[in-house]
Every structure is written in C-alpha cells, then in structure tokens.
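Examining the three-dimensional arrangement
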Amino acid sequence: MKTRKKIDSFFEVDDACLIIHITDDLDHHNVISLREKADRLIDKERVKNIVFDFDGVSFMDSSGIGMIMGRYKKVIFTGGKVGVASVSNNVDRIFRISGLYKIIGKYETVAEAVQAL
Amino acid sequence: MKKNEMMLEFDSVSENEAFARVAVAAFAAQLDPTLEEIADIKTAISEAVTNAIIHGYENKEGKVKIHCMIEDNCLKVEISDQGVGIADVEKAKEPMYTTKPEWERSGMGFTFMETFMDHLTVESKPDIGTKIYMDKCIAKQAV
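Quantities reported herein were computed from a predicted structural model and do not represent experimental measurements.

Turning our eyes to something else, we now look at the overall build of chain A. Helix and strand content of chain A: four helices and six strands. Ordered by position in the sequence, the α and β elements of chain A form the string β-β-β-α-β-α-β-α-β-α. Compactness check: chain A gives a C-alpha radius of gyration of 13 Å against a globular reference of 13 Å for 117 residues, within 12% of the reference. Sorting the 117 residues of chain A into buried and exposed places 55% on the buried side. Considering only contacts in chain A between residues 6 or more positions apart, those separated by 24 or more positions represent 64%. For chain A, the computed accessible surface area is about 5,700 Å², with 50% contributed by carbon and sulfur atoms.

Here it is in structure tokens:
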C-alpha cells in the first residue's frame, strides 16, 4: 500500500519517493540547509527516488545544479532516479545549459513525476 | 551619452548573494531590460559573488565590492575580492571544472557568466585577489 507522509512544508515522502518543495531562490545560501535536511531524510526514510518541486521558484544558479547532482549521485547507487517538476522558464534555461536533463527527468507536475519515476 | 554609476561593498556572507543580485538588477532596470535580460544579469552576479565568498575568501571574513556603470544602453560590472586568487584562470573557466567538488560545486559558474553576459574578463593574482569584469548591452525596445 502506498503511503504519503508529510514531514514539514518542504518535504514529503510518497512511498520511497522524496518530494522536495523548493519555496525560495535556489542559490548557494539556500542550498546549504536544504541539502542537510534532504540527506538526513534520504537515509532515514530509505528514499529511492527524488522529485524537486520548483513551483514558484523564479531563480536558480549553478549552486542549485550542484545540489541536484549531489542528490542524484546519492540515489543512483541504489537504482534511484531524480525528477524536476513545475519548472519556470528561467530555471529551465539553467537546466538546459548545464546539460542536467541528460540525467534527470522534467515533468509538468509533481504527481506526474512521482508516477513516472 | 547616458551615464550612471553605483558602488556596493558588503561582507562575504552567503546571505548577501541574494542582496547583491537583486541590487544590481534594480540598478540595471533603468535600461528597460526584458525579464530574460534581468534573469541573465541576476544569474551572472550571483555566480560571481558566490565565487568570491566560497572560493576567494573560502567562507572566511572579507569584503566583496561591486562597481556598476551604465554607459548608454550597456551595463558594466566589476566584482572584486581580496581573497586567495585563482592560480589558473583558463582552467577555472572550463565547464564542470571545480576546485571544490566536496562542496558540491558544479563548476558551471564561469560558464553561466560567459553565457548570460556579452563579455567576461577575469583578472586574478594568487594571494592578492580576483576581479571580474562583465558587460551586458540591453537592446533598445521598439516604441
């Protein structure tokens, strides 16, 4: 049976999928705390896949790319996948230029991403 | 010729990354840029300031300076630190190259600065510091 657990307003665990709702600009400053909390949950909840929800995020720089690549490296060893959902035009440009779509999937909605991974 | 100038100096703490990019974007707003051009400027400033904080000063105390000039329809930005400097600038500019993989740096900072601005020059001396010069001209909108 599927279980969806809300950790707080930023994190949810749906089965073995960690959903991270990013609510602010994704820069070096905001990446630091997000990374710590995410890694703790990945270990504790035995997370397989990760979905980053970018709804409402208008800014991301290369620090965001580093953070997503870091989480990708963490889950890929156990056969996990990473997806991003609700990506704005500005964030999409950063993903495209960095080549990140070669390793992560892009989805319209979080529900679609959770289903597809 | 239209001219305007502004200077900022702030502590090398990560809270100031958002402040710096928003301040420069607000200064550039008088050139009537598109939303995409504003995003370009914010990204480039964020990359340069983050580099100064984590590479230049290695997360230690220091001051980051930003000097902006508007000349006609162009924004010229100089971002400087008095940090450790870059030993090999050409190597540092290579996509995906980073000296701090353990901090999950993607190595895309200079690539984004080059992509989003019209021109990028990096001057750096080990133990003296780094100066980044970037230009971006804003196309005049048809009225």
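Moving on from the model shown.
Let us look at the sheet that holds strand 5 (residues 129-137) of chain B. All names here are of chain B. With antiparallel pairing, five strands are arranged side by side in an open sheet as 1-2-3-5-4. Where the open sheet ends on each side, the last strands, each with one partner, are strand 1 (3-11) and strand 4 (119-125). Neighbour-to-neighbour, the strand axes of the sheet open up by a mean angle of 10°, direction not taken into account. Bridge count between strand 4 and strand 5: seven bridges; the pairing is antiparallel. When the sheet's bridge partners are listed, Leu120 is paired in strand 5 with Met134. Packed onto the sheet, helix 1 (residues 15-28) meets strand 1, strand 2 (63-71) and strand 3 (74-81) and runs at close to 175° relative to strand 1.

This paragraph deals with the environment of Asp135 of chain B. Residues and elements named next belong to chain B. Structurally, Asp135 is set in strand 5. For the pair Asp135 and His119, spaced 16 residues apart in sequence, the C-alpha separation works out to 5.2 Å. Ignoring sequence-local partners within four residues, the contact set of Asp135 consists of Leu75, Lys76, Met117, Asp118 and His119.

Attention now moves to the pattern of salt bridges. Applying the stated rule across the entire model yields 21 salt bridges over all chains. In this structure, Glu12 of chain A engages Arg4 of chain A in a salt bridge whose closest nitrogen and oxygen atoms are separated by 3.0 Å. Looking at Arg4 of chain A, the relative accessible area reads 48%, which means it is partly exposed. A salt bridge links Arg35 of chain A to Glu104 of chain B; its shortest N-O distance comes to 3.5 Å. Placement of Arg35 of chain A in helix 1 (residues 28-44) and of Glu104 of chain B in the loop between helix 3 (89-93) and helix 4 (109-116) is noted, with the two residues assigned to different chains. Glu104 of chain B gets classed as buried once you look at its relative accessible area, which sits at 18%. Through salt bridges with shared partners, one network takes in Arg35, Asp39 and Arg71 of chain A together with Glu104 of chain B.

Next up on the list: helix 3 (residues 89-98) of chain A. Along helix 3 of chain A, the positions that sit buried rather than exposed are Val91, Asp92, Arg93, Ile94, Phe95 and Ser98 of chain A. Summarising the contacts, the buried residues of helix 3 of chain A are in contact with helix 2 (62-76), strand 5 (82-85) and strand 6 (105-107) of chain A together with helix 2 (35-56) and helix 4 of chain B. Taken from the residues just after helix 3 of chain A, Gly99 of chain A is the one with a positive phi, measuring 80°.

Further remarks concern the side chain of Ser62 of chain A. Here Ser62 of chain A is to be found in helix 2. Polar side-chain contacts of Ser62 of chain A include one of 2.6 Å to the side chain of Glu47 of chain B. With near-sequence residues (within four places) excluded, Ser62 of chain A lies in contact with Glu47, Arg105, Ser106, Met108, Gly109 and Phe112 of chain B.

With that settled, the discussion passes to the UniProt feature "domain: Histidine kinase/HSP90-like ATPase" (unreviewed entry) in chain B. UniProt's entry tags residues 36-140 of chain B with the feature "domain: Histidine kinase/HSP90-like ATPase" (unreviewed entry), counted in the numbering of this structure. A distance of 14 Å separates the end C-alpha atoms of residues 36-140 of chain B, which is 32% helix and 31% strand.

All names here are of chain A. Side chains Val82 and Val84 of strand 5 all project onto a buried face; the interleaved residues Gly83 and Ala85 project onto the opposite face, where all are buried too. The sheet contact formed by strand 4 (residues 49-53) and strand 5 spans four bridges and is parallel. Along strand 5, the bridge assignment pairs Ile50 with Val82. Where the polypeptide runs from strand 4 across helix 2 and back to strand 5, its parallel neighbour, the crossover connection is right-handed. Note: strand 5 against strand 6, three bridges, orientation parallel. Counted as the bridge partner of Gly83 is Gly105 from strand 6. Following the backbone out of strand 5, through helix 3 and into the adjacent parallel strand 6, one traces a crossover that is right-handed.

What counts, and at which threshold
Residues numbered from 1 in each chain as written. Chains lettered and ligands numbered in written order. Predicted model: local features only at pLDDT ≥ 70, side-chain atom pairs only at ≥ 80, totals over all residues. Heavy atoms only, no water. Helix = DSSP H or I, 4+ residues; strand = E, 2+ residues; numbered from the N terminus. Rg over C-alpha atoms; globule rule 2.2 N^0.38 Å. Buried < 20%, exposed > 50% of the residue type's maximum accessible area, 1.4 Å probe, protein only. Contact = heavy atoms within 4.5 Å. Areas by Shrake-Rupley, 256 points an atom, 1.4 Å probe, with all protein chains shown as cover. Pairing = 2+ DSSP bridges. Axes fitted to C-alpha atoms, helices over the stretch in contact; angles between N-to-C directions. Salt bridge = Lys/Arg side-chain N within 4 Å of Asp/Glu carboxyl O. Polar contact = N/O pair within 3.5 Å; in protein donor to acceptor, adjacent residues only side chain to side chain. UniProt positions renumbered as here; feature names shortened; annotations may be inferred. Right-handed = clockwise from strand over helix to strand, strands pointing away.

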